[in-house]
Amino acid sequence: MAFAGRRDAPEPPDFGILKRLARDQLVYLLEQLPGKKDLFIEADLMSPLDRIANVSILKQHDVDKLYKVETRPAPGASDQFCFLVRPRVRTMRFIADIVNADKMSGRSRKYKIIFSPQKFYACEMVLEEEGVFGDVTCDEWSFYLLPLDEDIISMELPEFFRDYFLEGDHRWINPVARALQLLNSLYGPFGKAYGIGRCAKMSHELWRDLEEESEGEGQGRKPEIGHVFLMDRDVDYVTALCSQVVYEGLVDDTFRIKCGSVDFGPDVTSSDRSIKVLLNAQDKVFSQIRNEHFSSVFGFLSQKSRNLQAQYDRRRGMDIKQMKDFVSQELKGLKQEHRLLSLHIGACESIMKKKTKQDFQETIKAEHSLLEGFDIRESTSFIEEHIDRQVSPIESLRLMCLLSITENGLIPKDYRSLKTQYLQSYGPEHLLTFHNLKRIGLLTEQAAGETLTAVESKVSKLVTDRAAGKITDAFNSLARKSNFRAISKKLGLIPRVEGEYDLKMPRDMAYVFGGAYVPLSCKIIEQVLERRGWQGLEEVVRLLNGNEFSVSDSTVEDNPAWESQRVILTVFLGGCTFSEIAALRFLGKERGCKFIFLTTAITNSARMMEAMIEARA
């Protein structure tokens, strides 16, 4: 699909049906246990469940008491227990303990386990080992997709990143393929599929197999989504490691957006209580600032508050009929907008306070130097200082990983020095964390052969060891070949701008990082869609370790006049950041197309680092 010229982007499909399907299936599963029942819910299913079926819906279907999994039932509990859980071994042991305790006390109950999104053989094995497999009935709630917004769908599987990329566990590939099958049956058939990464390739192949088994239902229908693009998180770690500076990304980094909503504490609400706010396109204030660079947000909010004030002031010269119309038609909307405006102003102030405390400007400067490949020594010193001052274990790790990836691994001397300083500052229990980061390729040490050239070896024999060390360092900073550097050059990821980069009127996707860097993941998507495939990108693909594909569905009519040809489903396996979402929304506006985002979970640098940390408190 070559990009269309600049015209209005098409409207996204209605994803409300996904919620309705999930709710209806859950209700059906609960009804299979007739009568009063107590429901045990896994902690990380609570927020997604709240978006699908709230407490009142559960109560309508005879759910009496709600418990969090890991909580023991009260003495006067119901005669029927229903467990809504993720397929995890530790949860199976918890359920088995409850069943066995009831057996010991002679209490007779019915037990039903509902696995979401699917059950795994290992879970049934544990139930069998614990001697309770015959006492429980098992079912699956195929809840693969949760629409968070009109263009964002999440699978809410944050563990996908660690399980697949670190542990090499393939169990979540089936839910991804089934999610694609569901979207294809409702909004497809998709005409063209592109992708890059091992997991993307496996998910695509399994999805095609599932399609063949179901004999292509929905063929001949006019699609609502024309193309799909699958990408592994490990194709582009750099973007996920950078500090976010678009408003939605900063809110996520500062307050943690969970399942599409955020808890604003007393420092934001200017009261003594916290407020839970749903952040989506329905929030009139948020929808206008979410993709903006943070430097533009304050100006917009102050202008918005002046406009609101002007609308309030209109009532002064009104007669009784006009006042009545104003109160009945406009006042409620204005009050709601005023409430949201004051919340977002409070959030901005809170972000500013926190970021000022953390030397945010200095950190951004160091990041930009790493991305551009300048002043590497200076940036390394900044990271060392960061570790020594014990600013934050997560932040220090993030900066070390960014240094390692942009430099294609650290020279052994730097690696050992940074690792020693980190362990001394934050504790030796992080030793396993370094092992994990090395395995996944986020924080690596260059092999000895990569650091010394033949010339340097000869030079080192002629001078003292100490001097040789200095010369080696100098050669390294000059001549190190890095895949990121090479890819960055090939794709032009570092914009060359004369004068200041205009963040209010951005010219390209680099604005999401203050004009310093175009997200690699988004650039790949742009280039592949522009070229209708990977032709001309062979060198980039080689540097990214291959596993690219481009597949056309011959049964789908490729009609350029269809709106669906300009709707692209982008699938991020291992998580997607709000910066990438903002960048592709910008690209969509520029090129007259619409990007829909499907991700295993929303991620950011802190979540990625936390997934790697082994230290247990």
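In what follows, the accompanying structure is described. (Residues numbered from 1 in each chain as written. Predicted model: local features only at pLDDT ≥ 70, side-chain atom pairs only at ≥ 80, totals over all residues. Heavy atoms only, no water.)

Overview of the overall build of the chain
A tally of regular secondary structure across the chain gives 27 helices and 14 strands. Per-residue burial over the chain gives 55% buried out of 617 residues. Summarising the internal contacts of the chain: among those between residues at least 6 apart in sequence, 78% fall at separations of at least 24. Total accessible area on the chain is roughly 28,200 Å²; 51% of this is exposed by carbon and sulfur atoms. (Helix = DSSP H or I, 4+ residues; strand = E, 2+ residues; numbered from the N terminus. Buried < 20%, exposed > 50% of the residue type's maximum accessible area, 1.4 Å probe, protein only. Contact = heavy atoms within 4.5 Å. Areas by Shrake-Rupley, 256 points an atom, 1.4 Å probe, with all protein chains shown as cover.)

Some thoughts on empty space enclosed by the protein
Within this structure, the stated rule accounts for two cavities of 30 Å³ or more. Roughly 40 Å³ of internal volume is contained in the largest cavity. Together, C242, S243, V245, I364, E367, H368, L371 and F513 line the largest cavity. Its residues placed into classes, the lining of the largest cavity shows five nonpolar, two polar and one charged. (1 Å grid on protein atoms, 1.4 Å probe; cavity = no way out; pocket = protein on both sides within 12 Å on 5 of 7 lines; lining within 4 Å. Points joined across faces, edges and corners; volume = space filled by probe spheres on them. Nonpolar A, V, L, I, M, F, W, Y, C, P; charged D, E, K, R; others polar.)

Brief notes about helix 19 (residues 431-440)
Spacing of three or four residues puts side chains on the same side of an α-helix, whose turn is 3.6 residues. Restricting attention to buried positions, one finds in helix 19 the residues T433, F434, N436, L437 and I440. Summarising the axial view, the buried residues of helix 19 lie within an arc of 160°, below the 170-degree limit, and thus occupy one face. In this fold, the buried residues of helix 19 make contact with helix 6 (159-166), helix 9 (237-241), helix 17 (393-406), helix 18 (412-426) and helix 27 (605-612). (Arc of directions from axis to C-beta.)

Section: unusual backbone geometry
Between S116 and P117 the backbone carries a cis peptide bond, its omega angle lying at 0°. Within the fold, P117 resides in the loop between strand 4 (110-115) and helix 5 (121-129). The backbone of D62 shows a phi angle near 65°, a positive value even though the residue is not glycine. By the element assignment, D62 lies in the loop between helix 3 (55-60) and strand 2 (63-68). Although it is not a glycine, R256 sits at a positive phi angle of roughly 70°. The residue R256 is located in the loop between helix 10 (247-255) and strand 10 (261-264) in this model.

With respect to the sheet that holds strand 4
Backbone hydrogen bonds are what pair the strands of a sheet, in a parallel or an antiparallel way. The strand order across the open sheet formed by five strands is 2-1-3-4-5, and the pairing between neighbours is parallel. Looking at strand neighbours, the two that pair on one side only are strand 2 and strand 5 (136-140), the edges of this open sheet. Neighbour to neighbour, the strand axes of the sheet diverge by 20° on average, direction disregarded. Each of strand 1 (37-41), strand 3 (80-85), strand 4 and strand 5 is contacted by helix 4 (residues 89-105), which is oriented at about 170° to strand 3, the strand it contacts most. (Pairing = 2+ DSSP bridges. Axes fitted to C-alpha atoms, helices over the stretch in contact; angles between N-to-C directions.)

Focus on the pattern of salt bridges
Throughout the structure, instances matching the rule amount to 36 salt bridges. One salt bridge connects D97 with R72, and the closest N-O pair in it is separated by 3.9 Å. Here R72 lies in the loop between strand 2 and strand 3 and D97 lies in helix 4, a separation of 25 residues in the sequence. Salt-bridge contacts for R290 lead to E248; the nearest nitrogen and oxygen are separated by 3.1 Å. Residue R290 is found in the loop between helix 12 (284-289) and helix 13 (294-313), and its partner E248 is found in helix 10; the two are separated by 42 residues along the sequence. Like E248, R290 is buried. Bridged by salt links that share partners, the residues D149, D151, E248, R290 and R585 form one connected network. (Salt bridge = Lys/Arg side-chain N within 4 Å of Asp/Glu carboxyl O.)

Thoughts on the packing of helix 15 (residues 360-372) against helix 17
Close contact between helix 15 and helix 17 brings their axes to 9 Å; oriented N to C, the two are set at 20°. Relative to helix 17, the element helix 15 is oriented roughly parallel. Judged by the sense of rotation from one axis to the other, the crossing of helix 15 with helix 17 is left-handed. Across the interface between the two elements, T363, E367, L370 and L371 from helix 15 touch E395, R398, L399, L402, L403 and T406 from helix 17. Of the residues contributing to the contact of helix 15 with helix 17, the split by class is five nonpolar, two polar and three charged. (Parallel < 35°, antiparallel > 145°, perpendicular 65-115°, else oblique. Left-handed = near helix turned anticlockwise from the far one by under 90°.)

Observations regarding the packing of aromatic side chains
Taken as a whole and judged by the stated rule, the model has 24 aromatic pairs. With centroids separated by 6.2 Å and ring planes inclined at 25°, the aromatic side chains of F160 and Y164 adopt a geometry described as stacked. Taken as a pair, F160 and Y164 lie in helix 6 at a separation of four residues, close to a single helical turn. Three or more aromatic residues joined by ring pairs make a cluster, and in this case those are F40, Y67, F81, F83, F94 and Y111. Above the plane of the ring of W207 lies R208, whose end atom (NZ or CZ) is 4.7 Å from the centre. (Phe/Tyr/Trp six-rings, centres within 6.5 Å; stacked < 30°, edge-to-face > 60°. Lys NZ or Arg CZ within 6 Å of the ring centre and 35° of its normal.)

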